[in-house]
Amino acid sequence: MNYDYIIVGGGIVGLSTAASIKEKNKTASVLVLERGIFPTGASTKNAGFACFGSITELLSDIKMMGEEVSMQLVEERWKGLQKLRGRLGDDGVGFINNGGYEIIRENEAYCLDELDTMNKRLSFLFDKDVFTAKPGVIDQFGFNSDGVKSVIFNPYEGQIDTGMMMQSLMRYVQDLGVTMLTGVMVSSFEDEADRVSVIANGDTTFKADQLIICTNAFTPKLLLDEDIVPGRGIVLVTKPIDGLKFKGVFHYDEGYYYFRNHGNRVIFGGGRNLDFASETTDSFEINENILEVLKKELNTMILPNTPYEIDHVWSGIMAFGQNKQPIMRKVSDRVTIGVRLGGMGVAIGSRMGEKIAELVS
Ligand SMILES: Cc1cc2nc3c(=O)[nH]c(=O)nc-3n(C[C@H](O)[C@H](O)[C@H](O)COP(=O)(O)OP(=O)(O)OC[C@H]3O[C@@H](n4cnc5c(N)ncnc54)[C@H](O)[C@@H]3O)c2cc1C
């Protein structure tokens, strides 16, 4: 029951933190406590975009947080992605680099004048231009071009297989000697002078030198005062589609909608902005109104005249706050948090784990 480190939350951040601690210190005893049978927040539910920000998102980030902070975030996401691929291997995460595309409608046409400036900003990190206009692909990929002004291509974006990535990560930490217990709900902790007591499933007490809380959207149940708001996202996947014309990851409406191929299936999610009030929740339900809009978008824009069937629909919970920076800090000598990953945590998650491990060791 006694460990050097206890990590609450077995998502990408919790598991990456466990991995980084053990990689640095083989003899440390590390316990991960996860409430679900599988990790059950965002990491097993996401759409598998290996991305670091589309041009409209980055322009909006710069407006909100300034250029320096926004570029730092891009750098952290990019480094995190390299860390994930390096640690688990491209085969271990199902990484495929078919590039990424942002569909630009009238409303977003302003960003076409910003391509050169943004590419210059990003040249500190990338050898080639990150964003290039490629309007021709709309017809090539079989999308409905009504209302589309252009498409912006990013050769550095890729896609992963979310389930495979999480399974590999769980195996990786267990091979390093991390103990992972699932079905364990942590309800509270007591920060004592020489240890932290972690109370789980009502009456079980674990003890640790250091407690690390990686519970993302669910953190307010353990720590009341953090600036964290849950945000639900809905995703659907179709059955395989004969002759599917596109490959790659696609975003539109400032990232509120996202779709990609997964083999010859289509994964499509988003629409949270249609009903922010209902989607500010940590309850895993399906908002039928949003699902209807997703189906309409599939029928009219993404797969016009292509018969398809939906195989499965699910929801996951993200964590947002006043800005897009994750929260990573010590809340006391023995308690650290690494949370609020927003809608792009696949890339930055591994980097967060690395930085948390540095902070606690
Ligand atoms: C629908 C959807 C689509 C997304 N698409 C993408 C994408 O394509 N690309 C991208 O980069 N990002 C995407 N994201 C965001 C990304 O998945 C998250 O940013 C990232 O997974 C967050 O990881 P985490 O480890 O911080 O949180 P989580 O994965 O939520 O992990 C937190 C864990 O803590 C556990 N937990 C919570 N409370 C307790 C407790 N009291 N006791 C024990 N365990 C507890 C939860 O069960 C959970 O497993 C998407 C998210 C969603 C929901």
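Check the entry above for the structure.
Here we summarise the structure given alongside this text. Residue numbers restart at each chain and count upward from 1, following the sequence in its written direction. In keeping with the model being predicted, local features are shown solely for residues with a pLDDT of at least 70 and side-chain atom pairs are shown and tallied solely at 80 or more, while totals for entire chains, interfaces and linings include all residues. Hydrogens and water molecules were not included; the side-chain quantities draw on all heavy atoms of the structure.

1. Thoughts on helix α1 (residues 12-24)
Here comes step 1: Only DSSP runs of H or I covering at least 4 residues are called helices, and only runs of E covering at least 2 are called strands; the numbering of each starts at the N terminus. How far a helix is expected to stretch is found by multiplying one less than its residue total by 1.5 Å. In this model, α1 (13 residues) spans 18 Å end to end at C-alpha, consistent with the 18 Å of a helix rising 1.5 Å per residue.
Here comes step 2: A large share of α1 lies buried, amounting to 11 of its 13 residues.
Here comes step 3: Taken as a whole, α1 has its buried residues at Ile12, Val13, Gly14, Leu15, Ser16, Thr17, Ala18, Ala19, Ser20, Ile21 and Lys22. Note on exposure labels: buried denotes an accessible area under 20% of the residue type's maximum, exposed denotes more than 50%, and partly exposed covers the range between, all computed with a 1.4 Å probe on protein chains only.

2. Comments concerning the side chain of Arg340
Here comes step 1: With respect to the helices and strands, Arg340 occurs in the loop between β18 (335-339) and α10 (345-360).
Here comes step 2: Definition of a polar contact: a pair of N or O atoms within 3.5 Å, with one able to donate and the other able to accept a hydrogen when the atoms are protein atoms, and with sequence-neighbouring residues admitted only if both atoms are side-chain atoms. Within the structure, the side chain of Arg340 is placed 2.7 Å from the backbone oxygen of Gln325, a separation counted as a polar contact.
Here comes step 3: Throughout, a residue-residue contact means that at least one pair of heavy atoms, one from each residue, lies within 4.5 Å. What Arg340 contacts, discounting residues up to four positions off in sequence, is Asn216, Asp227, Ile228, Ala319, Phe320, Gly321, Gln322, Asn323, Gln325, Pro326 and Ile327.

3. Some points on the site of the ligand
Here comes step 1: The local shell around the ligand holds 39 residues, among which Glu34, Arg35, Thr40, Ser43 and Phe49 are the closest.
Here comes step 2: A distance of 3.1 Å separates a nitrogen atom of the ligand from a polar atom in the backbone of Ala47.
Here comes step 3: Considering only residue class, the shell around the ligand consists of 21 nonpolar, 15 polar and 3 charged. Throughout, the term near means that a residue has one or more heavy atoms lying within 4 Å of the molecule or strand in question. Under the scheme applied, nonpolar residues are Ala, Val, Leu, Ile, Met, Phe, Trp, Tyr, Cys and Pro; charged residues are Asp, Glu, Lys and Arg; polar residues are all the others, including Gly.

4. Remarks on unusual backbone geometry
Here comes step 1: Positive phi, normally seen in glycine, also occurs at Asn201, with a value near 45 degrees.
Here comes step 2: Within the secondary structure, Asn201 sits in the loop between β10 (196-200) and β11 (204-213).
Here comes step 3: A positive phi angle is found at Asn305, which is not glycine, with a value near 60 degrees.
Here comes step 4: Examined against the element boundaries, Asn305 turns out to sit in the loop between α9 (288-302) and β16 (310-320).
Here comes step 5: The class for Asn305 is exposed, based on a relative accessible area of 81%.

5. Side note on the packing of aromatic side chains
Here comes step 1: Any pair of Phe, Tyr and Trp rings, taking the six-membered ring for Trp, is counted once the centres come within 6.5 Å. Such a pair is stacked with planes under 30 degrees apart, edge-to-face with planes over 60 apart, and tilted for the rest. Taken as a whole, this structure holds 23 aromatic pairs when the rule is applied.
Here comes step 2: A ring pair is formed by Tyr252 and Tyr257, whose centres lie 5.0 Å apart and whose planes are at 5 degrees; its orientation type is stacked.
Here comes step 3: Judged by relative accessible area, Tyr252 falls into the buried class, the value being 1%.
Here comes step 4: By relative accessible area, Tyr257 is classed as buried at 5%.
Here comes step 5: When the centroid spacing of 5.8 Å and the interplanar angle of 70 degrees are considered together, the rings of Tyr256 and Phe276 count as edge-to-face. Separated by 20 residues along the polypeptide, Tyr256 in the loop between β13 (249-252) and β14 (257-262) and Phe276 in helix α8 (residues 276-279) bring together distant segments of the chain.
Here comes step 6: For Phe276, a relative accessible area of 40% translates into the label partly exposed.
Here comes step 7: The rule is short: NZ of Lys or CZ of Arg within 6 Å of the ring centre and within 35 degrees of the ring normal puts a charge over the ring. We note Arg85 situated over the ring of Phe95; from NZ or CZ to the ring centre the distance is 3.8 Å.

6. Notes on helix α7 (residues 162-175)
Here comes step 1: Given a rise of 1.5 Å per residue, 14 residues ought to cover 20 Å, and the 20 Å separating the end C-alpha atoms of α7 matches this to within 8%.
Here comes step 2: Buried within α7 we find Thr162, Met165, Met166, Ser168, Leu169, Met170 and Val173.
Here comes step 3: Looking at the buried side of α7, the elements it contacts are α1, α3 (67-88), α4 (90-93) and β8 (179-182).
Here comes step 4: For α7, the capping residue at the N-terminal end is Asp161, with a side-chain oxygen 3.2 Å from the backbone nitrogen of Gly163.
Here comes step 5: Taken from the residues just after α7, Gly177 is the one with a positive phi, measuring 100 degrees.

7. Here's the deal with the pairing of β14
Sheet faces and side chains relate simply in a regular strand, where the side chains alternate between the two faces.
Here comes step 1: For β14, the buried fraction is high: 5 of the 6 residues fall into the buried class.
Here comes step 2: We treat two strands as partners when DSSP finds at least two bridges between them. Sheet topology places β13 next to β14; 4 bridges connect them, and they run antiparallel. What sits directly across from His251, in β14, is Tyr258.
Here comes step 3: Here β13 folds back onto β14 in antiparallel fashion, the turn holding 4 residues, of which Asp253 has a positive phi close to 55 degrees.
Here comes step 4: Both β14 and strand β15 (residues 265-270) contribute to a ladder of 6 bridges, which runs antiparallel. By the bridge assignment, Tyr257 is partnered in β15 with Gly270.
Here comes step 5: The hairpin turn running from β14 into β15, its antiparallel successor, is 2 residues long, and Gly263 in that turn takes a positive phi close to 60 degrees.

8. Comments concerning the sheet that holds strand β12 (residues 229-238)
Here comes step 1: Read from one edge of the open sheet, 8 strands run β5-β6-β4-β13-β14-β15-β12-β16, paired in mixed fashion. Only two strands of the sheet have a single neighbouring strand rather than two, namely β5 (132-133) and β16.
Here comes step 2: Pairing of strand β4 (residues 100-105) with β13 involves 3 bridges; the strand directions are parallel. Among the inter-strand pairings, Gly100 is bridged to a residue of β13, identified as Val249.

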